[in-house]
Amino acid sequence: MSGEQGKKVISAIKGTKDILPSEVRLWQIAEATAREIFELYGYRELRAPVIEPTELFERGTGASSDIVTKEMYTFTDKGGRSITLRPEYTPSVVRAIIEHRLDLQPQPLRFYYIGPMFRYDRPQKGRYRQFHQIDIEVFGEKDPAIDAEILEMAHRLLSSLGVTGVFTLVNSVGCKKCRPAYGQKLREAALAVKEQLCPDCQRKSELNPLRIFDCKVESCRALAAGFPRITDFLCEECREHFKKFREYLDLYGISYRVEPTLVRGLDYYTKTAFEIVTEEAGAQNAICGGGRYDDMVREFGGPDLCGIGFAMGVERLLSVARIKVPERSFVYFAYLGEEAKKESLKLARNLRSEGIECLVEFKERKMKDHFSRANKLGAEWVLIVGEDELRKGKFQLKDMTKARQFEGSLIELASIIKGKKILETG
Ligand code: AMP
């Protein structure tokens, strides 16, 4: 019996997953498309650490939010500090702005980031413990035109990735001026039906009744649907902002529905809140969520800088995207003998410098076997390096997709390969 037997096999942590090469091209395309689009709107990437002080999220995301109360990956490091694996990105960007005085740069500031987030939630389809977000944030722009522009940008990304059948829900959650009066009415309404709410919502009805709208329990949702609506309590400024925001959405031709119960699971939103959801049935149908947070920077001790942003879940995005992955094109080397093998290694090195993917396998084969191997691997081209070719310095290049063959020097053949690539991909 081998000593290896009986050893425990280690698997990935529950709620996390490997993204294997068969799938990773989709990720790369989605990420590259997002970067390209965001840069078109003037966004620049800001990369913050994966770990942050726990306090950042307690203060930023909000002490009464589900994320902070139930879902954070928090641990004490060897220096006795409380550290958290970021559950969302916004507080990190706010911290970075204040830390590096980015507010001194011309505003608005536009940032994007793509990376993993961590939430200790119950894993299920579309919900993971390590998941990935495409995130954008804008600082220093009060005009509701930006609220609409980021939604237009989100829709551009979705349609570039072949996502159809989505719709947009919008709401205004008010501000510090109008929310307290609404909160009071909401608390009264929640307390009146307290006995019928789930234990979690009973607690929320005292602490932060707005959070009842996040509850996934069906009976709580039904009760919450009858609660007073924030849109009936907005102050003049918030009402005007919400009106203008919708006018700009109309301008872009983005259809939406006002959803007064949409408050989003985070404590910091002010005025605009929105979600893009898919029409697909199922609980996890939100692809993108975001909103305005005009007080967060100041509450972190920074300048008076308003903010707005969104986060798109990459796993959910890919589950509804229709992305065409371009065929890989590479040159397989069919050589005979040691000398031709060495020549192939050198030729491949030169072709790679021209940006052409090459595969030289080290196992000796007969010419016939080389061709069946090239076929099996899906090579687009086969470069034949035999004795004749070595002598002449001219090689045979076979186009496996079109059953045609060329003869020429390496430089000539390289331009044929590149020429076809340009023709096919534009
Ligand atoms: P949130 O930060 O909660 O507003 O989430 C923004 C987006 O991230 C959601 O619309 C989802 O697409 C995605 N998302 C949030 N939580 C998870 C999770 N646990 N697993 C996968 N995707 C998630």
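The notes below deal with the structure included here. Computed from a predicted structure; not experimentally measured.

## A few points about the overall build of the protein
- The secondary structure content of the protein amounts to 15 helices and 16 strands.
- Counting across all 426 residues of the protein, residues that qualify as buried make up 48%.
- Long-range pairs, those at least 24 residues apart, make up 68% of the contacts in the protein between residues at least 6 apart in sequence.
- Between the averaged position of the 68 positive side-chain charges in the protein and that of its 63 negative side-chain charges there is a distance of 3 Å.

## A look at a positive patch on the surface
- Taken together, K14, R122, K216 and R221 make up a surface patch of like positive charges.
- With respect to the helices and strands, the residue K216 is situated in the loop between α7 (199-207) and α8 (218-225).

## Examining the site of the ligand
- Around the ligand, the structure places 13 residues, and the nearest of them are R119, Y128, Q133, R264 and A286.
- Taking Q133, its side chain carries an N or O atom lying 3.1 Å from an oxygen atom of the ligand.
- Residue I287 places a main-chain N or O atom 3.1 Å away from an oxygen atom belonging to the ligand.
- Alone, the ligand offers 480 Å² of accessible surface; in the complex the protein occludes 91% of this.
- Contributing elements (two or more residues each) for the shell around the ligand: β6 (130-139), β10 (286-292) and β11 (307-313).
- For the shell around the ligand, the element with the most residues is β10, which contributes 3 residues.
- Grouping the constituent residues of the shell around the ligand by class yields 6 nonpolar, 3 polar and 4 charged.

## Focus on the layout of surface pockets
- By volume, the second largest pocket is sized at about 630 Å³.
- P326, E327, R328, S329 and E380 are, among the 22 residues lining the second largest pocket, the residues nearest its centre.

## Digging into the packing of aromatic side chains
- This model, assessed by the stated rule, comprises 13 aromatic pairs.
- Within the aromatic cluster, the residues linked to one another by ring pairs are F111, F139, Y268, Y269 and Y293.
- Its guanidinium or amino end placed over the ring of Y120, R129 lies 3.9 Å from that ring's centre, counting from NZ or CZ.
- In this structure, R246 packs its charged tip against the face of F242, placed 4.2 Å from the ring centre.

## Observations regarding the sheet that holds strand β14 (residues 381-385)
- If you trace the 5 strands from one edge of the open sheet to the other, you get β13-β12-β14-β15-β16, paired in mixed fashion. Here the strands that pair on one side only, and so sit at the sheet edges, are β13 (358-359) and β16 (404-408).
- Of the strands in this sheet, β12 (331-335), β13, β14 and β15 (395-399) are in contact with helix α13 (residues 367-377), which crosses β12 at around 165 degrees.

Quick notes on the rules
- Residues numbered from 1 in each chain as written.
- Predicted model: local features only at pLDDT ≥ 70, side-chain atom pairs only at ≥ 80, totals over all residues.
- Heavy atoms only, no water.
- Helix = DSSP H or I, 4+ residues; strand = E, 2+ residues; numbered from the N terminus.
- Buried < 20%, exposed > 50% of the residue type's maximum accessible area, 1.4 Å probe, protein only.
- Contact = heavy atoms within 4.5 Å.
- Lys, Arg positive; Asp, Glu negative; His and termini not counted.
- Charge placed at Lys NZ, Arg CZ, Asp CG, Glu CD.
- Patch = residues over 30% accessible without salt bridge, like charges linked within 9 Å, V, L, I, M, F, W, Y side chains within 5 Å.
- Areas by Shrake-Rupley, 256 points an atom, 1.4 Å probe, with all protein chains shown as cover.
- Salt bridge = Lys/Arg side-chain N within 4 Å of Asp/Glu carboxyl O.
- Near = heavy atom within 4 Å.
- Polar contact = N/O pair within 3.5 Å; in protein donor to acceptor, adjacent residues only side chain to side chain.
- Nonpolar A, V, L, I, M, F, W, Y, C, P; charged D, E, K, R; others polar.
- 1 Å grid on protein atoms, 1.4 Å probe; cavity = no way out; pocket = protein on both sides within 12 Å on 5 of 7 lines; lining within 4 Å.
- Points joined across faces, edges and corners; volume = space filled by probe spheres on them.
- Phe/Tyr/Trp six-rings, centres within 6.5 Å; stacked < 30°, edge-to-face > 60°.
- Lys NZ or Arg CZ within 6 Å of the ring centre and 35° of its normal.
- Pairing = 2+ DSSP bridges.
- Axes fitted to C-alpha atoms, helices over the stretch in contact; angles between N-to-C directions.

Taken by themselves, the reported measurements are silent on function.
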